[in-house]
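Per-entry structural report
One-letter residues, chain by chain:
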Amino acid sequence: MLNFFNVVFYEPLYNALVLLIDILPSADVGLAVIILTLFVKTLILPLSIKATRTQMKLKILEPKIKEIQTTYKDKREEQAVKMMAV
């Protein structure tokens, strides 16, 4: 599992950082880290937007979910069915 993490995440990011340090005229490591961070954040942005939208939808449904939980406190199966309906 550790090897998978190294191959998929660590090595490409490390190689990109080394490449950025070589490309930058002053070989500024701090600037290379900032550029790489912005690049990664841009790649992850669609996932972040989707997660935020999902959280907003759940916040809107929260009162209904609380009501179902209090109404069907002892009946777990009915509670699950009602929640799926919401």
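Our subject is the structure that appears above.
Residues numbered from 1 in each chain as written. Predicted model: local features only at pLDDT ≥ 70, side-chain atom pairs only at ≥ 80, totals over all residues. Heavy atoms only, no water.

1. Describing the packing of aromatic side chains
Applying the stated rule across the entire model yields 2 aromatic pairs. When the centroid spacing of 5.6 Å and the interplanar angle of 40 degrees are considered together, the rings of F5 and F9 count as tilted. Of the two residues, F5 and F9 both sit in helix α1 (residues 2-23), 4 residues apart, roughly one turn of that helix. What makes F5 partly exposed here is its relative accessible area of 44%. The partly exposed category is assigned to F9, whose relative accessible area is 44%. (Phe/Tyr/Trp six-rings, centres within 6.5 Å; stacked < 30°, edge-to-face > 60°. Helix = DSSP H or I, 4+ residues; strand = E, 2+ residues; numbered from the N terminus. Buried < 20%, exposed > 50% of the residue type's maximum accessible area, 1.4 Å probe, protein only.)

2. Thoughts on the environment of P12
Its place among the elements puts P12 in helix α1. For P12, a relative accessible area of 38% corresponds to the partly exposed category. In this structure P12 touches N6 and V7, once residues within four positions along its chain are discounted. (Contact = heavy atoms within 4.5 Å.)

3. Things to note about the packing of α1 against helix α2 (residues 29-71)
It is the contact of α1 with α2, at a shortest axis distance of 9 Å, that shows an interaxial angle of 130 degrees. By the angle between their directions, the pair α1 and α2 is classed as oblique. The way α1 lies across α2 gives a crossing that is right-handed. Facing α1, whose interface residues are L13, A16, L17, L20 and I21, α2 presents V29, A32, V33, I35, L36 and V40. When grouped by side-chain class, the residues that make up the contact of α1 with α2 number 11 nonpolar, no polar and no charged. (Axes fitted to C-alpha atoms, helices over the stretch in contact; angles between N-to-C directions. Parallel < 35°, antiparallel > 145°, perpendicular 65-115°, else oblique. Left-handed = near helix turned anticlockwise from the far one by under 90°. Nonpolar A, V, L, I, M, F, W, Y, C, P; charged D, E, K, R; others polar.)

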